Amino acid sequence: MLRFATPAVLAVVSILCAGCGDSKKGGGPTGGTGKDSEPAPAGPAKKADLENGAIVKGVIRFEGTPPQDKALQIDGDDFCRKQHGEGMKSEYYLVKDGKVANCLVYIKDGLQGRYEAIAGNPELDQKGCRYDPHVLGMVAGQALLIKSSDATGHNVHAIPKKNDEFNIMLTKAGDQITHAFRSAEIVPFKCDIHNWMSAWVGVFNHPFFAVTGEDGAFEIRGIPPGKYTLEVWHEKFRVQRVEVEVKEKETKSVEFPAYKAE
Ligand SMILES: [Cu+2]
């Protein structure tokens, strides 16, 4: 039997070492220097034409009574508990007057090539034991600043599919790292210390995306003339698509079907 035990032990050791490698690769609180932190693949990225490009806008709606967020168990961490005297709720279903926040709306198909970012480098804070913002968009290759404003330890755990996973501890307020994703996908973030903490980072090869606010509204600017598939993503609802065609300087309102209670 002993000879069968050896491969099993080796397997365990290799899993443990894979974990060690990941944390080193992240470069620690001041680093971010691993191969998963390199910019997007080289190639000519075009500039969005904000002056002549089209604008696509709309509002994401929910019909009927949306699911309700539930109270979270935060007793295990004194710092988090003190930040939220009246307790904390999950923040999946931010629906107000039928308008849905935290939806990512983006061009899914129809663009040719890559486009540069319009906005500056995005930030993902950890504040009051939540990720802030809960949903954000960025362009592949941009440096995402991940920081903590909390006097408690957070463990930033990104779990992408196309990019490399990383898991880095930010132990105190002011700790920060930067990270650049190479490939386009929507990346879930967790904190392994506080199991309720989650965020979603949409990584795109272009800047034609928006996240809906409390009013459910989105607006995407600088879109080159053409025919596109526009997609809306929400962490709990199904993905929906609409087709849209825009001309130069045109402003077009688009309507996605409203989400409904299932
Ligand atoms: Cu945490």
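Since this is a predicted model, take the numbers as computed values, not measurements. Positions within a chain are numbered from 1, following the residues in the order the chain's sequence is written. Two thresholds apply to this predicted model, a pLDDT of at least 70 for residue-level local features and 80 or more for giving and counting side-chain atom pairs, whereas whole-chain, interface and lining totals are computed over all residues.

**Q** How do you make sense of the overall build of the chain when you look at a structure like this?
**A** The helix and strand labels rest on DSSP assignments: H or I over at least four residues marks a helix, E over at least two residues marks a strand, and numbering proceeds from the N terminus. Per the secondary structure count, the chain includes 2 helices and 22 strands. Residues counted as buried form 31% of the 262 residues belonging to the chain. Partitioning the contacts of the chain with sequence separation of at least 6, the portion at a separation of at least 24 is 69%. Put plainly, a residue is buried at 20 or more neighbouring C-beta atoms within 10 Å of its own, exposed at 12 or fewer, and partly exposed in between, counting only other residues' C-beta atoms, which are placed from the backbone. With C-beta atoms placed from the backbone, a contact is any residue pair whose C-beta atoms sit within 7 Å.

**Q** Just to check I follow, could you spell out the pairing of strand β15 (residues 185–191) for this structure?
**A** For two strands to be treated as a pair, DSSP must find at least two bridges joining them. Relative to β15, strand β12 (residues 154–158) runs antiparallel, the two being bridged by 3 bridges. Directly across from Ala158, in β15, lies its bridge partner Phe189. Here β15 runs beside strand β16 (residues 198–204); their pairing, made up of 6 bridges, is antiparallel. Residue Phe189 lies in a different strand from β16, and its bridge partner there is Ala199. Two successive antiparallel strands, β15 and β16, enclose a turn made up of 6 residues.

**Q** Would you mind going over the sheet that holds strand β19 (residues 226–233) with me for this structure?
**A** Strand pairing in a sheet is mediated by backbone hydrogen bonds. Such pairs are either parallel or antiparallel. The antiparallel open sheet is built from 4 strands, whose spatial order is β17-β6-β19-β20. Strands at the two margins of the open sheet, each flanked by one partner only, are β17 (209–211) and β20 (240–246). Sheet twist, expressed as the average angle between the axes of neighbouring strands with direction ignored, equals 30°. Here strand β6 (residues 104–109) runs beside β17; their pairing, made up of 3 bridges, is antiparallel. Bridged to Tyr106 within β17 is Phe209. Angles run from 0 to 180 degrees between N-to-C directions of axes, and those axes are lines fitted to C-alpha atoms, restricted for helices to the stretch in contact.

**Q** Got a minute to help me understand the sheet that holds strand β21 (residues 251–253) in this structure?
**A** Taken together, 3 strands build an open sheet; the order of strands is β18-β2-β21 and the sheet is mixed. Two strands close off the open sheet at either side, each with one partner strand: β18 (217–223) and β21. Looking at each pair of strands side by side, their axes are set apart by 15° on average, direction ignored. Direction of pairing for strand β2 (residues 54–59) relative to β18: antiparallel, over a ladder of 5 bridges. Considered in β18, the bridge of Val59 is made with Ala217.

**Q** Looking at this structure, I do not really get the nonpolar core. What am I missing?
**A** Within soluble globular proteins, side chains that are nonpolar tend to cluster in buried spots. Nonpolar cores are identified as sets of buried Ala, Val, Leu, Ile, Met, Phe, Trp, Tyr and Cys residues joined via C-beta atoms within 7 Å. Counting 54 residues, the largest nonpolar core has Val105, Val201, Phe209 and Ile220 as its most contacted members. If you tally residues by element for this core, the top one is β16, at 5 residues. Apart from residues no more than four positions distant in its own chain, Val201 is found in contact with Leu124, Leu136, Met138, Leu144, Val187 and Phe189.

**Q** Would you explain unusual backbone geometry in this entry?
**A** Excluding glycine, residues mostly have negative phi values, and the peptide bonds linking residues are mostly trans. A cis geometry characterises the amide bond from Asp132 onward to Pro133, with omega recorded as 5°. Inspection of the secondary structure puts Pro133 in the loop between β9 (130–132) and β10 (135–139). The backbone phi angle of Asn102 is positive, close to 60°, even though this residue is not glycine. Looking at the element boundaries, Asn102 is found in the loop between β5 (99–100) and β6. Residue class for Asn102 comes out buried when judged on the 25 C-beta atoms lying within 10 Å of it. In this structure, Cys129 takes a positive phi of about 60° despite not being glycine. Topologically, Cys129 is positioned in the loop between β8 (123–127) and β9.

**Q** Explanation requested: the environment of Asn195 in the structure shown.
**A** Inspection of the secondary structure assignment puts Asn195 in the loop between β15 and β16. For Asn195, a count of 12 C-beta atoms within 10 Å puts it in the exposed group. Along the sequence, Asn195 and Gln73 sit 122 residues apart, while their C-alpha atoms lie 9.3 Å from each other.

**Q** Explain the pairing of strand β13 (residues 166–170) here, please?
**A** Strand residues, when the strand is regular, have side chains that alternate between the two faces of the sheet. Side-chain alternation along β13 places Phe166, Ile168 and Leu170 on a buried face and Asn167 and Met169 on a face that remains uncovered. As paired elements, β12 and β13 share 5 bridges and run antiparallel to each other. Across the sheet, Val156 pairs through a bridge with Ile168, a residue of β13.

**Q** I would appreciate a short explanation of the environment of Ala217 in the present structure.
**A** Residue placement: Ala217 occurs in strand β18. For Ala217, a count of 16 C-beta atoms within 10 Å puts it in the partly exposed group. For the pair formed by Ala217 and Asn102, sequence separation is 115 residues and the distance between their alpha carbons is 9.9 Å. With near-sequence residues (within four places) excluded, Ala217 lies in contact with Val59 and Thr212.

**Q** How should I be thinking about the confidence of the model for the chain in this particular structure?
**A** Any residue range with low pLDDT should be treated as having predicted coordinates unsuitable for detailed reading. Taken residue by residue, the chain gives an average pLDDT of 86. The fraction at 70 or more is 84%. As a per-residue quantity, pLDDT reports the predictor's confidence and falls between 0 and 100. Between residues 1–41, whose pLDDT stays under 50, and residues either more than four places distant or in other chains, the model counts 39 contacts.

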